Amino acid sequence: MKKVLIANRGEIAVRILRTLRTMGLESVVVHHAADAASLAVREADEAREIAAATPVAAYLDVAAILAAARSSGADAIHPGYGFLAENADFAEAVERAGLTFVGPPPRVIRLLGDKIHARERVARAGFPITPSATDSSDRTAFLRAAREVGFPLLVKAAAGGGGRGMRIVRSPDALEAELETARREAERSFQDGRVYVERYVERPRHIEVQILSDAHGNHLHLGERECSVQRRFQKIIEEAPAPVLTAAQRRRLCEAAVGIARAVGYRNAGTVEFLFAPSGEFYFLEVNTRLQVEHPVTEMVTGIDLVAEQLRAAMGEPLSLRQEDVVARGHALEVRLCAEDPGSGHTPTTGEVALLRAPGGPGVRFDGGLCEGQAVTTSFDSMLAKLIAHGADRAQAIARMRQALRDLVLLGVAHNGAYLERVLGHPAFASADLHTHFLEQHAADLALPGAAGPDLVTLLAAAVLVDPSAGADVPEPYASMGEWRN
Amino acid sequence: MRRIQSNVDTRSETFLENQRHNRRLIDELRRRQEEVRFRRPQRDIDRLTRQKKLLVRDRLSLLLDPGTPFLELSTLAANMAYDGEVPGAGQVTGIGMVAGREVVIRADDASVKGGAWYPLSVKKIVRALDIAIENRLPVVHICDSAGGFLPLQADLFADRYYAGRMFRNQCALSKMGVPQVAIVVGHCTAGGAYIPALSEYSVIVRGTGAIFLGGPPLVKAATGEVVTADELGGCDLHTQVSGTADYPAASEPEAIAIARDVVAQLRRPTKTDIDTADAEPPAYDPEELYGIVPREVKVQFDMREIIARLVDGSRFHEYQPAYGTTLVCGFARIWGYPVGILANNGVLFNDSSLKGAHFIELCNHNRTPLVFLQNITGYMVGREYEARGITKDGAKMIMAQTGSVVPKFTVIVNGSFGAGNYGMCGRAYDPRLLFMWPQGQISVMGGEQAAGVLSEIKVRQLEREGRSLGAEEIAAIREPIVEEYTRRSSAYYSTSELWDDGLLDPVDTRNALAIALSCSLNTPFADPSYGVFRF
Amino acid sequence: MRRILRVADQRHEVLVLPSREGRRLLLGRDVHPASLRALGGGEYRLEVDGMAHRAWIAVRGDAIHVHVGGRSWTVECVDELAETAAASGGASDTAEAPMPGTVVRVMVETGHAVRRGQTLVVIESMKMETAIVAWRDGVVAAVHRPLGSTFDRRAPLVSLEPEPSS
C-alpha cells in the first residue's frame, strides 16, 4: 500500500490524511466542487473533483470514486464514516477493482449492516440482546410478538443506523400506526421497509466498545466509550472510559465485544454498541463496521492511532498489540460542534466561516476540516468539527474541555459551542448521572441564557465599536454635551 | 492663562439670600417653559391623536440625534401677547444635531391654534431663518400649519420683516448653498405651501400631509370645485404627479427617518479655522452663579465672578486690568473655543469705552469671537465727561463693535439700559445669538428714573392746568406708570417680543454659547474693516 | 450616532459618542466608556466600563460576529430607515406601469405565491423590455393586463394580496 484515496470530506478526511502522512503514504481525496477550497483538498497530495448533481451525490458515486482511484494510482480506499463507509456493495466493488478497502470484508459489513440478522447472530452466539420481535410477512403475528415484548418499546429500521428511523411507542394502542409510519420512513430512507421492535430500556446509558481485529483471527478491544449524551439519538458528547462501570462490568462488556467480533469473523476496526441499563445489565445493540466519529477519545486514553491500526489491518499485517498492551490512561471527552442554533430548537444554521481560532493547551485536540472563508450549507451533515480533551481524571478533562470551548473562536455560523459548555458545566454531568435522555431531562437548566447585564453591554460595545466611524459623526461640543436641554 | 481667584463667600448671608431669590426665578422660568412646551387643552391633544399626528415635541425627539443637545430658541415668545394663548408663538425653533449635522430646526406646533401663524410666529420664523443665514446652517422645517392668522393679517403680511421675509430668507439660504429639508406632516396652506416648495428636499406623509395654495373650502368658494385635501395636495399627488414634494412616507416616523437620511447626505461644512483647544469645565461651580447675581438690579457685583463660572478652567487673560476698570476685557475659552469677553463692572467712562473699542479691534485682528456680558446702566453723563468727549468715545466703541467681522454673542446678565445696550452689542447690532437671564431688565433707562421722569411730566402738565396735587395723588399717578414700565422692561417682555433669542438659566449659558460658537464657524470671517472713528 | 442592533430576538438601541479616551456608549440612560483596539487577525482588545476583554470580531454584511467572554454571538445591524418604513407598512400592493407600453410576457397567475425579485410580467415600451418584479414576497391578487394589451403610464399591472398587518 503506497497511496490511499480518501472517499470522504471534512474533518475525517483531514484526520485520515494526518495519519497517512506520518506513515509515509501518499494521499488522494475526492471532492465535490463545493469543497474545492476545503482543508482536506488543500492538505492532500492530490485531489480529484467529482461532478455530481448534488454535493452529497459526489461522495456516493461509486463509479466515479473508483475511476479517481485508478487515474490517481491509489491502491487503497479509506471510506471514513458515513457516505459509503458501511456500504457492502462499495467495499465489494473496491475489492473487485483490485484495490484494498480499509474496513471489514464486504461479507461482514453486509451481515452486520442488517440489524435484524446481526441481532440474531449475536443472540445465537450467546450474548444478550433486548427482548425483541422481528417484522415478518405475517403482520398479525408480528403485532402479537411485538406486544409481548412489552412497553415502552422501540421501533427500528432493519437497515437503519445512527438513530435514524427510530421511534418510541409507549402504549399498545399506538403500536400499529407507529409501525406503519416507521415502515414508510424506512422505505423512504433506506429503500428497505423492514422494521423490528425491541424493549425500550428506561434511562439507559449508551456504552460501546472499540474493537480491532486482523486478518489472522486476532481480536482485541481498546476499551469502552460512553456516548449517553444524545439529542434525537445523535451523540453529542462522548467519553472514555465510561465513568460508572465497575471493573467487573467493564470486563464483561469488553469480553462480550471481543466475543461478538470473533463470532462474526470481524476484521479491521469496529465498534460494538450496547445499551446499559440502570440495573447493570447490558444488551447488544449493533456493530458499526467503520471508524466512529468519537474514535479520538479512545486514541487519547490508549495512545493508539486507530487509523494507523486500520491501515495495518487492511494491509494484512497482524496486530501490533496484544490485549495486555492496551492500557487506558486518564479520561477523555469529545464534543461535536455543530452548525445549529441552540436558541431555536437546534435548527441547522448556515453561513461562512469568518474567523477560526482552534483552542490549544495540554490535552486539547481539535479535529476540524474547516478553514476561513468556507461556506457552511445544509448540503452536508451539520457537524463542523470535534473538540477532544484529555485529562488525568474526568474532572480535569471536563475542565480542559470547558476552557477549550470558551477559547474556541468559530465565527460566521451559529454553533452549539456555548451550549456544550453549559452541558459540561451541569452538576448532573459532573456526577456522571447520564442516560440517553439526559438533554431532555435537563432541558430547562441547559437552555442558554441570552446576553444581559454587563455581558450585553460588552457585546454591544464590541459590535458597535468595530466600526471606527461609529461615534465620529457627532462633532464636538455636541458629543460631549450629551442630551442637554435649555 | 491664569485662573480667576473667586472672592465669593458661598456661606455669606448675601450669597444665600441671592441664591434663594435666583432659584425662585429659575423655578418660575422652568415652570413657564414647561407649560409652553407641554400644557395644552385636552381637546387639542385629542384632535391631533384623532388625526394620527404626533405632538411637535415627539416629532423633535425623533428628528434629533439621541444623546445630543438641543438649544431651543425663544421658548417663551409671545408669552405676554395674545392673552398668553399662543404659547411659544406656536413655533418651536432651535439648533441641534440631525444625522451628525448642526441644523436649525423650525417646527409648527399644531396644538396651538392649529399651527396658525401670528405676527410673533412670523417674527420667530424669520429670526430662525436669519440665524440659519448668518451661520450657514441647514434648516429642517416640520410643517403643520393652518397658515397666517387672518384677523391679525395686517400685522404679519406686508411689511419688510413680515411673512414675505420667511420665503425671501429661504431663497437667500438656497442661493448661499445652504439646503433646507421640509417634512410635511400636516397642511401647508397658502403662503405655507412655499416652505416645502422652496426647500431643497421635502418629505410628505401620506394621508395627513398636504400642500396647496388654497385649501378645499377656498377652492369651493373660488371655482365651485369640490375636492378633498388629499386629492388637492396630498402625498401621492405631489410626489408622483406635481413633483412639488420629493419623498412619500407612510407615517410620520418614516417621514422623519427619511429626512434624517437626507440630512445625512448633506456635505459637512468646513469650519473656520480658529485656535480651538480641548474643553475643560469651569473650576468654579456654575451653580454658584445663583448666589452672585444680586436681588436688586442696581446692586453692583464683580463680573469676573460670572466669567469664572462660564469659561474653561475659570481661566481668564485679562487685558488692561488696571485701565478703564468699569469694563472688564480679556481672553478665555468656552468649550475650547477662544473668546474675547467684554463685561460691565460699572458705568462706561471715557477710558473704559476706549479700552472696549481697542479690545474689539484686537479680537477682530486675532480672529477671536466676541462675547458681551451686559450689566450696563449706560455711559457716564455730566459736564466733565461730555467735556472729555464721552459721546465720541462711546461712539468709537459702537463703531468698533458694529464693524466687527468676528462673530458676536451677547448675554444680558442683569441690566441693559440706554446707549450701554448699543455699545455692548444689543439686538440691533446683530449678535449671532442674544440671551437674557430671567432677572435681567432692558429699557432706555432704569425703571425708577424713567417712572420719575414720566410722572414728573404728568404732574407738571396737571399743575399747568391749575391743579395742585397732594403726595397721594402724585403716588397714584406714579404707580401705574412704574408698573407698566417695569412690565415692559422685564426679561419676559423682551423674550415675548423676540428682542432676544430666549431666556437662559445662568448655568445653561456656557452650553448655549458653545453651540452658538460652533455654529458661527460655518461662516468665514471677513477681513477686519471699520467705519470712521471720531478721535 | 444611534445604532439599532439585534441579538437573538432582542432589539437594542445604542448611541455612540466620542470621548477623549475612546468612545462612550449610551444604553438607555446609562453611559459606558468603551474603547476597542485591533490586534490583527480579527482579534481586539475591548475595554468597557474599565474592564478589559479579549474579543474576536468578524463583520459580514449586516451581521457582526463577536466572540467575547468565552461565547460566540451574532449581532444584526438594523437599518433605521428600513425599520421605520417596515413599521409604517402602507407600501402599495399594486405595481403600476412606469411608462406606457405593451404586455409581452405574463409570468404569474392569480393565486401564485411569489418571492421578492421574481418577475411578474414583462412589458415593452420604446423598443425596450422591462421586467416588473415582485417588490415583496406575497400572493398574486390580480394580473390587471392580459398578454398583448397596451396600457398608459401608471396603469395598474399586477396586484399582490395585502400584507397581513403585524
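Here the structure is a predicted model, which is why all the values come from computation and not from measurement. (Residues numbered from 1 in each chain as written. Chains lettered and ligands numbered in written order. Predicted model: local features only at pLDDT ≥ 70, side-chain atom pairs only at ≥ 80, totals over all residues. Heavy atoms only, no water.)

**Overview of the pattern of salt bridges**
Reasoning step 1: Following the criterion strictly, the structure yields 92 salt bridges over all chains and no others.
Reasoning step 2: Among the ionic pairs, A:Glu46 bridges to A:Lys3, the shortest N-O distance being 2.3 Å. With A:Glu46 in strand E3 (residues 46-49) and A:Lys3 in strand E1 (residues 3-6), the pair connects residues that are 43 residues apart, well separated along the chain.
Reasoning step 3: As a salt-bridge pair, A:Glu352 and C:Arg60 come within 3.3 Å of each other at their nearest N and O atoms. In this pair, A:Glu352 sits in strand E18 (residues 351-352) while C:Arg60 sits in strand E6 (residues 51-60), so the two residues belong to two different chains.
Reasoning step 4: Given a relative accessible area of 31%, A:Glu352 falls into the partly exposed group.
Reasoning step 5: Taking relative accessible area as the criterion, C:Arg60 reaches 35% and is therefore assigned partly exposed. (Salt bridge = Lys/Arg side-chain N within 4 Å of Asp/Glu carboxyl O. Helix = DSSP H or I, 4+ residues; strand = E, 2+ residues; numbered from the N terminus. Buried < 20%, exposed > 50% of the residue type's maximum accessible area, 1.4 Å probe, protein only.)

**Thoughts on a nonpolar patch on the surface**
Residues and elements named next belong to chain B.
Reasoning step 1: A cluster of nonpolar residues, Val444, Met445, Val453, Leu454 and Ile457, forms a patch on the protein surface that exposes about 430 Å² of accessible area.
Reasoning step 2: Checked against the element boundaries, Leu454 lands in helix H17 (residues 447-464).
Reasoning step 3: Of the residues examined, Leu454 reaches a relative accessible area of 38% and is grouped as partly exposed. (Patch = residues over 30% accessible without salt bridge, like charges linked within 9 Å, V, L, I, M, F, W, Y side chains within 5 Å. Areas by Shrake-Rupley, 256 points an atom, 1.4 Å probe, with all protein chains shown as cover.)

**Notes on the packing of aromatic side chains**
Reasoning step 1: In this structure the tally under the stated criterion is 17 aromatic pairs over all chains.
Reasoning step 2: The interplanar angle of 80° and the centroid separation of 6.5 Å between the aromatic rings of A:Phe274 and A:Phe284 together place this pair among those described as edge-to-face. One end of the pair, A:Phe274, is in strand E13 (residues 268-276); the other, A:Phe284, is in strand E14 (residues 282-288), and 10 residues separate them in sequence.
Reasoning step 3: Given the relative accessible area of 1%, A:Phe274 is considered buried.
Reasoning step 4: Summarising the aromatic geometry, the rings of B:Phe331 and B:Phe359 are spaced 5.1 Å apart at their centres and angled 50° between planes, so their arrangement reads as tilted. A residue pair is termed long-range when its members are at least 10 positions apart, and B:Phe331 in strand E10 (residues 327-334) and B:Phe359 in helix H13 (residues 350-366) qualify at 28 residues.
Reasoning step 5: A network of ring pairs unites the aromatic residues A:Tyr59, A:Phe83 and A:Phe380 as a single cluster.
Reasoning step 6: The ring of A:Phe380 has A:Arg9 lying over it, and the distance from NZ or CZ to the ring centre is 3.6 Å.
Reasoning step 7: Here A:Arg394 stacks its cationic end above the ring of A:Phe429, 4.6 Å away from the centre of that ring. (Phe/Tyr/Trp six-rings, centres within 6.5 Å; stacked < 30°, edge-to-face > 60°. Lys NZ or Arg CZ within 6 Å of the ring centre and 35° of its normal.)

**Quick word on the interface of chain A and chain B**
One frequent convention defines the size of an interface as the accessible area lost when the parts assemble.
Reasoning step 1: Of the residues lining the interface, 13 residues belong to chain A; the matching set on chain B comes to 27 residues.
Reasoning step 2: Across the interface of chain A and chain B, roughly 1,700 Å² is buried in total on both sides, 59% from carbon and sulfur atoms.
Reasoning step 3: Looking at the side of chain A facing chain B, the largest losses of area belong to A:Tyr478, A:Trp484 and A:Asn486, adding up to 49% of the total buried there.
Reasoning step 4: Applying the counting criterion to the chain A and chain B interface returns 0 salt bridges.
Reasoning step 5: Taken together, chain A and chain B are joined by 8 residue pairs in polar contact (both at pLDDT 80 or more). (Contact = heavy atoms within 4.5 Å. Buried area = accessible area lost by both parts, 1.4 Å probe. Polar contact = N/O pair within 3.5 Å; in protein donor to acceptor, adjacent residues only side chain to side chain.)

**Remarks on the domain arrangement of chain C**
Reasoning step 1: When the domains of chain C are assigned, the result is domain 1 (2-77) and domain 2 (89-160).
Reasoning step 2: Taken over C-alpha atoms, the centre of domain 1 of chain C sits 44 Å from the centre of domain 2 of chain C. (Domains from an automatic or database assignment.)

**Some thoughts on the sheet that holds strand E9 (residues 94-96) of chain C**
Residue and element names in this part refer to chain C.
Reasoning step 1: A sheet is described by the order of its strands in space; here 4 strands give the open sequence E9-E16-E14-E11, paired in antiparallel fashion. Looking at strand neighbours, the two that pair on one side only are E9 and strand E11 (113-114), the edges of this open sheet.
Reasoning step 2: Across 2 bridges, the pairing between E11 and strand E14 (residues 138-143) is antiparallel. The partner of Ala113 across the bridge, within E14, is Val139. (Pairing = 2+ DSSP bridges.)

**Section: the side chain of B:Ser455**
Reasoning step 1: Following the sequence through the fold, B:Ser455 ends up in helix H17.
Reasoning step 2: Not counting chain neighbours up to four residues away, the residues in contact with B:Ser455 comprise B:Ile477, B:Arg478 and B:Ile481.

**Description of the packing of helix H6 (residues 106-113) of chain A against helix H7 (residues 115-124) of chain A**
Residue and element names in this part refer to chain A.
Reasoning step 1: In the contact formed by H6 and H7, the axes pass within 5 Å of each other and the chain directions differ by 95°. Comparing their axes, H7 and H6 come out roughly perpendicular. Counting all contacts with H6, which are made through Leu111, Leu112 and Gly113, the residues of H7 involved are Lys115, His117, Ala118 and Arg121.
Reasoning step 2: Among the residues forming the contact of H6 with H7, the class breakdown is 3 nonpolar, 2 polar and 2 charged. (Axes fitted to C-alpha atoms, helices over the stretch in contact; angles between N-to-C directions. Parallel < 35°, antiparallel > 145°, perpendicular 65-115°, else oblique. Nonpolar A, V, L, I, M, F, W, Y, C, P; charged D, E, K, R; others polar.)

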